[in-house]
Amino acid sequence: MYHWGLMDGPGVTIVDRVTLGAGDAASWLGRLRSDYAPGAERRGMQLAAAWWSHVGPDAVEVTVRWDLADVAAFWAMRRAAGQDPAVLEWWAATDALAIARSRNVCARA
Amino acid sequence: MTRWVVQLRLADGATLEGLPGCAGCHLPGSVGGGDATWDVEAPQRPEPMTAGAQVLDAVALAPLRGARVAFTGPRIKRTLLLRVRPGTPLATRERFEAELAEMPRYITAIRGWALSRVDDAVAPSRWTHVWEQEYETVDGLRRDYMMHPYHWAGIDRWFDAEVPQSIVEPEVAHVFYAASGPVLP
């Protein structure tokens, strides 16, 4: 069973991990901030932090954390994302470049 | 005998009374279906013999798993019609089905449930799966089901097109109605 702080509510965090060629990571992160993040914020996702890590001689894993206010905000985001073709276009362009990618949706522990 | 989930379009003044099985007009929040759902067992594609009711979609079920906690009285019957993307490997589809069927273990507001594949041999359909539940009240669906992290932080990854491992097409039918008694077998 899940437990969370009653004072905080459940809260929602989304973690994207994208592994890219070392030469692609900085430019992809720049496009994430300029192209994807504004729409994501309109959908209720706040860009909380981004990190990168060399995971091989030629590969960098970028980790991006998004925060949402609560579960209702999560479902509202899902509905809004489903109605915006730019969202899937963004990920299709990313997947064309990425070595690996994952998204985890997390409840506050 | 096949169990069917039928989506109906209702003309003004149409009544669902007298239909065999169970039927009900969709409650607010339903999306992607018709005006009403008709749950019925029939040897072949059912037709409502009632004025003003037109079949939009009749889905024949091939049951996979299900269970129910016995209780009497009114309830909410919810149906999710979904389509797994063509080309999804069988092992992936079976893992999705297994995880979906575990939802009642986490979400105890689900009092009865059935997970079925669509029986295309009986009636070709655009859907591949039917996920049905019964709740004592609509809060069971709107609060317990929608707000549980096993759902939104777990199961939803199969549905969310932003998740690379998702396998369910974005277009679904999520419909629910008030029933006076048991609907699921």
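Anything mentioned here points back to the structure above.
The rules behind these values
Residues numbered from 1 in each chain as written. Chains lettered and ligands numbered in written order. Predicted model: local features only at pLDDT ≥ 70, side-chain atom pairs only at ≥ 80, totals over all residues. Helix = DSSP H or I, 4+ residues; strand = E, 2+ residues; numbered from the N terminus. Buried ≥ 20, exposed ≤ 12 C-beta atoms within 10 Å, placed from the backbone. Contact = placed C-beta atoms within 7 Å. Core = buried A, V, L, I, M, F, W, Y, C linked by C-beta atoms within 7 Å. Axes fitted to C-alpha atoms, helices over the stretch in contact; angles between N-to-C directions. Parallel < 35°, antiparallel > 145°, perpendicular 65-115°, else oblique. Left-handed = near helix turned anticlockwise from the far one by under 90°. Nonpolar A, V, L, I, M, F, W, Y, C, P; charged D, E, K, R; others polar. Pairing = 2+ DSSP bridges.

On a plain count of helices and strands, chain A comes out with three helices and four strands. Within chain A, the proportion of its 109 residues that are buried is 21%. Nonlocal contacts in chain A, meaning residues at least 24 apart in sequence, comprise 74% of its contacts between residues at least 6 apart.

Moving on to the nonpolar core. Residues and elements named next belong to chain B. W4, V59, L61, L81 and V130 are the most contacted members of the largest nonpolar core, which totals 40 residues. Elements supplying a minimum of two residues to this core: β1 (2-10), β3 (36-42), β4 (53-68), β5 (75-82), β6 (112-118), β7 (129-135), α3 (138-147) and β8 (173-179). Element by element, the count of residues in this core is highest for β4, at five residues. Once residues lying within four places of it in the same chain are set aside, the contact partners of V59 are W4, V5, L81, V118, A123, S125, W127 and V130.

So, on to the packing of helix α1 (residues 25-42) of chain A against helix α3 (residues 85-97) of chain A. For any two helices packed against each other, the geometry comes down to the angle between their axes and how far apart the axes lie. All names here are of chain A. Contact geometry for α1 and α3: axes closest at 10 Å, N-to-C directions at 165°. The angle between the axes of α1 and α3 places the two elements in the roughly antiparallel class. Read as a crossing pair, α1 and α3 show a hand that is left-handed. For the pair formed by α1 and α3, the contact residues are W28, D35, Y36 and G39 on the first element and A86, V87, W90 and L97 on the second. Looking at side-chain class alone, the contact of α1 with α3 contains six nonpolar, one polar and one charged residues.

The next subject is the sheet that holds β7 of chain B. Residues and elements named next belong to chain B. Taken together, the eight strands give an open sheet; going across it, the order is β2-β3-β1-β4-β6-β7-β5-β8, and neighbouring strands pair in antiparallel fashion. Each end of this open sheet is capped by a strand with a single partner; those strands are β2 (22-25) and β8. The average undirected angle you get between the axes of adjacent strands in this sheet is 25°. When β1 meets β3, the two strands line up antiparallel, connected through seven bridges. The residue bridging R3 from the neighbouring strand is E41, located in β3. Sheet strands in contact with α3 are β5, β7 and β8, and its direction is about 50° off that of β5.

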